[in-house]
Amino acid sequence: QVRLVESGGGSVQAGGSLRLSCTASGRTFSSYAVGWFRRAPGKEREFVALVGGNTYYGDSVKGRFTVSRDNAKNTVYLLMNNLKPEDTGLYYCAARPESGVYYTDWGQGTQVTVSS
């Protein structure tokens, strides 16, 4: 099992930037793929980005968000640029074995609020 803790959320104005961190403890982090998800009030959870053997992004964040990892620090980052009010939500990271399909471990989330 991997324990995940997100940090870095906050309130920014539209056009601003934030960098979220997802720090893991437990098993060997480097063998896990890590995804970022978000949930806005009244909406379903949305895929944001994934870092594993490759990186993937949701259509709504392509070109603005960048996911990266530092295995030495057991941390995955989500750099969010040119933030929009519709990016507001609770951002979660989740981990799954690199060869797995389902996410097995989830963090508690960090709130991002973007004002216009």
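Here, every reference points to the structure presented above.
Below: a short report on this structure. (Residues numbered from 1 in each chain as written. Predicted model: local features only at pLDDT ≥ 70, side-chain atom pairs only at ≥ 80, totals over all residues. Heavy atoms only, no water.)

## A word on the state of the cysteines
Right, so step 1: For the structure on display, the rule yields one disulfide.
Right, so step 2: Note that Cys 22 is cross-linked by a disulfide to Cys 93, the S-S spacing being 2.1 Å. Judged by the sign of its S-S torsion, about 75 degrees, the bond between Cys 22 and Cys 93 is right-handed. Of the two residues, Cys 22 sits in strand S3 (residues 18–26) while Cys 93 sits in strand S9 (residues 89–97), which places them 71 residues apart along the sequence.
Right, so step 3: Overall, the relative accessible area of 0% leaves Cys 22 in the buried class. (Disulfide = S-S within 2.5 Å. Helix = DSSP H or I, 4+ residues; strand = E, 2+ residues; numbered from the N terminus. Buried < 20%, exposed > 50% of the residue type's maximum accessible area, 1.4 Å probe, protein only.)

## A short note on unusual backbone geometry
Right, so step 1: Here the phi dihedral of Asn 74 falls at roughly 55 degrees; this positive angle occurs in a residue that is not glycine.
Right, so step 2: A residue is classified by how much of its surface remains accessible, and Asn 74, at 24% relative accessible area, is partly exposed.
Right, so step 3: Located in the positive-phi region is Asn 82, a residue other than glycine, with phi close to 50 degrees.

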